[in-house]
Amino acid sequence: MQKKTGVHFYINIANFDDVAEMEEAATQEVKHSIHELDTFFSSVEAYGLKHYSGLFRVEKITGSRLHMYVENDSVPMTFEIVAAVTKYAFELAGHLNANVSKYKTLLPFCIHAGACYGPFYEFEFKRKDADEMTTIGFTANYAAKLQNMASPSRVLISENIYDALTSDQKKCFSRITSTAIRKYDQTCCYDAEIAKLPVRYNFKRDFERAVEIARKVDLQDMYFRSANQPLSYRNLSKTECKKINGIPLFADVRDFTSQFDEDGANLEEMAVKTQNILTAMYDVVEERNGIHVQFQGDREMALFHDYGDYSCVVDAVIAGLKIIDAVKGYQVSVGVGQSIGRLFAAKIGARGEKDNILLGRTVGEADKNEDEYAEKNQLVLSADLYKKLKQKDSGLSSLFKKKYDGVYYTESGYRGYLSQESRKQLKHDNAHNNYNKAWGIFVD
């Protein structure tokens, strides 16, 4: 684990679900949408690496969002890179739609972005055949929140970035306040139109390179097959994709960054703790027939899906409960969110097709359930998922209560569920004068 300083920034295609759903309604496929997503992210990465080699880095793709960072102590210099990459992405979206024939039938991509400056930790999760690099810290978390808050075609930057900019760099920004950033101990952030960012580069040659990237994969080579067995990301690519019905799970460790000493004195200890926490969540997912998708900082993203006669609902919910219990031994808590619906799984171009991606409106719903609705040690389900759980296992569904906005939550972990079931069994046996049942049925 290494402590570094720089700017983390996210560029997200705000309307990707609309793009894909409109194509699917017209053609029963989403080939064009995934193809353009691959071209877009690959081209943004190629632009950053070509012009800012050694400084610019893509961490990973998280659905329709590209997570990047620039390691540098000079905020004005770092901001120049962030502004250039963001403005290139903004103009690239329009260029691809207008100049690549296979994308002209799609809605143009509409992007938004967010950025924050500060310290962060690079951490490599170690597991046989599953090593994964992630970054941990407030900087990345807050940048992601700012991107999520940004209106289409706009960028939000943190107050500490704005304060360090030159007077010319500040001109396009305006100060805004929001209750949504209070939990990050922030009072304001700064907003600008991406089109007005102070960048005067000619992107012509980079656009030409993007068009070449778009031509590399023929649409006829792309397949979206249903899953008749558990999905394996190792077998997926930009041409071999899966269309599934499933449940995304997000489990985020709360207030973890505050446990890192500012001077880095406990860095070795925290590296071990981070490995243990991520391993604990990873193991629960695998144990309950889930598929690890990726770590997003100290957040686990996983997938549970139906195939053949198997329904994933009960396993997914039990996994959420068990994750709550699993991390308590490390003096941390989590918030967990889930939803259910149609999903698309693939690997696409940026970082040499290293990133597992999961797409669909259901992903955003699960993300929101974790980020906005789940408090510490709570599992939050969408209304549709709760309804299916009630049909599958009424005992398990009885743990949940209705929350505002129609979602359902529980503060019980898996041990709490077992205790509830044991009490129900005891009550039943007392009522029927039956004391000979085996108690081992509730062993986890």
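Everything numeric here is computed off the predicted structure, so don't read it as measured data.

(A) Region of the structure containing the pattern of salt bridges. Counting across every chain of the model gives 31 salt bridges. K4 is paired through a salt bridge with E122; the nearest N and O atoms lie 3.0 Å apart. Highlighted residues: K4 in strand β1 (residues 2-13) and E122 in strand β4 (residues 111-125), separated in sequence by 118 residues. A single burial state applies to K4 and to E122, both of which are buried. Salt-bridge contacts for K238 lead to D38; the nearest nitrogen and oxygen are separated by 3.4 Å. Here K238 is found in the loop between β9 (223-226) and β10 (240-254), whereas its partner D38 is found in helix α2 (residues 31-51), with 200 residues between them in sequence.

(B) Geometry of the pairing of β4. Of all the 15 residues making up β4, 13 are buried; the element is thus mostly covered by neighbouring parts of the structure. As paired strands, β1 and β4 are joined by twelve bridges and run antiparallel to one another. Across the sheet, T5 pairs through a bridge with P119, a residue of β4. Strand direction decides the pairing type here: β4 and strand β6 (residues 154-158), joined by three bridges, are parallel.

(C) Spotlight on empty space enclosed by the protein. One pass over the full model with this rule turns up two cavities of 30 Å³ or more. One number sums up the size of the largest cavity: a volume of about 50 Å³. Together, F79, V82, A83, T86, A115, V155, I157 and L197 line the largest cavity. Residue assignment for the lining of the largest cavity shows that the elements contributing at least two residues are α3 (75-99) and β6. With four residues, α3 is the single largest residue contributor to the lining of the largest cavity.

(D) Focus on the packing of helix α9 (residues 313-328) against helix α12 (residues 383-392). Axis separation between α9 and α12 bottoms out at 9 Å; the angle between their running directions is 110 degrees. The orientation of α9 relative to α12 falls into the category roughly perpendicular. Residue-level contacts link V313, V314 and V317 of α9 to L385, K388, L389 and K392 of α12. Looking at the contact of α9 with α12 residue by residue, the class counts come to five nonpolar, no polar and two charged.

(E) Region of interest: the pairing of β6. The buried fraction of β6 is high, at four of five residues. Summarising the sheet, β6 and strand β8 (residues 189-193) pair through five bridges and their orientation is antiparallel. The partner of V155 across the bridge, within β8, is A192.

(F) Spotlight on the nonpolar core. Counting 67 residues, the largest nonpolar core has F9, F40, M68, V85, I157, I161 and F173 as its most contacted members. Sorting elements by how many residues they give to this core places α3 first, with twelve residues. Ignoring anything within four residues of it in the chain, the contact list for F40 reads I13, A89, L92, A93, L96, F109 and I111. Counting 49 residues, the second-largest nonpolar core is a separate cluster that includes I136, I247, F295 and F400.

(G) Spotlight on the confidence of the model for the chain. When pLDDT is averaged across the chain, the result is 91; 96% of the residues are at 70 or more. Across the chain, element-level confidence peaks in strand β16 (residues 378-381) with a mean pLDDT of 98 and bottoms out in helix α10 (residues 350-353) with 64.

(H) Layout of the side chain of Q275. For Q275, the location among the structural elements is in helix α8 (residues 267-287). Assessed through its relative accessible area of 18%, Q275 is described here as buried. Not counting residues up to four positions away in its chain, the partners in contact with Q275 are F123, E124, F125 and K126.

(I) Up close: helix α4 (residues 138-149). In this model α4 runs 16 Å from its N-terminal to its C-terminal C-alpha over twelve residues, within 8% of the 16 Å that 1.5 Å per residue would give. Listed as buried for α4 are T139, A140, Y142, A143, A144, K145, L146 and Q147.

(J) Expanded view of unusual backbone geometry. For D255, which is not a glycine, the phi torsion comes out positive at approximately 55 degrees. Its relative accessible area of 48% is what places D255 among the partly exposed residues. The phi torsion at D405 lies on the positive side, around 65 degrees, for a residue other than glycine. Counting through the fold element by element, D405 comes out in the loop between β17 (401-402) and β18 (408-410). Looking at D405, the relative accessible area reads 62%, which means it is exposed.

(K) Up close: the layout of surface pockets. In this structure, the second largest pocket spans a volume of roughly 710 Å³. For the second largest pocket, the lining is made up of 26 residues, of which D129, A130, E132, H292 and N356 are closest to its centre. Of all elements in the fold, only β2 (56-62), β5 (132-136), α8 and β11 (291-296) reach the threshold of two or more residues within the lining of the second largest pocket.

(L) Looking closely at a negative patch on the surface. On the surface, a cluster of negative charge is contributed by D261, E262, D263 and E269. Along the chain, E262 falls in the loop between β10 and α8. Of the residues examined, E262 reaches a relative accessible area of 74% and is grouped as exposed.

Calculation notes
Residues numbered from 1 in each chain as written. Predicted model: local features only at pLDDT ≥ 70, side-chain atom pairs only at ≥ 80, totals over all residues. Heavy atoms only, no water. Salt bridge = Lys/Arg side-chain N within 4 Å of Asp/Glu carboxyl O. Helix = DSSP H or I, 4+ residues; strand = E, 2+ residues; numbered from the N terminus. Buried < 20%, exposed > 50% of the residue type's maximum accessible area, 1.4 Å probe, protein only. Pairing = 2+ DSSP bridges. 1 Å grid on protein atoms, 1.4 Å probe; cavity = no way out; pocket = protein on both sides within 12 Å on 5 of 7 lines; lining within 4 Å. Points joined across faces, edges and corners; volume = space filled by probe spheres on them. Axes fitted to C-alpha atoms, helices over the stretch in contact; angles between N-to-C directions. Parallel < 35°, antiparallel > 145°, perpendicular 65-115°, else oblique. Contact = heavy atoms within 4.5 Å. Nonpolar A, V, L, I, M, F, W, Y, C, P; charged D, E, K, R; others polar. Core = buried A, V, L, I, M, F, W, Y, C linked by side-chain atoms within 4.5 Å. pLDDT = per-residue confidence, 0-100. Expected span 1.5 Å × (residues − 1). Patch = residues over 30% accessible without salt bridge, like charges linked within 9 Å, V, L, I, M, F, W, Y side chains within 5 Å. Areas by Shrake-Rupley, 256 points an atom, 1.4 Å probe, with all protein chains shown as cover. Lys, Arg positive; Asp, Glu negative; His and termini not counted. Charge placed at Lys NZ, Arg CZ, Asp CG, Glu CD.

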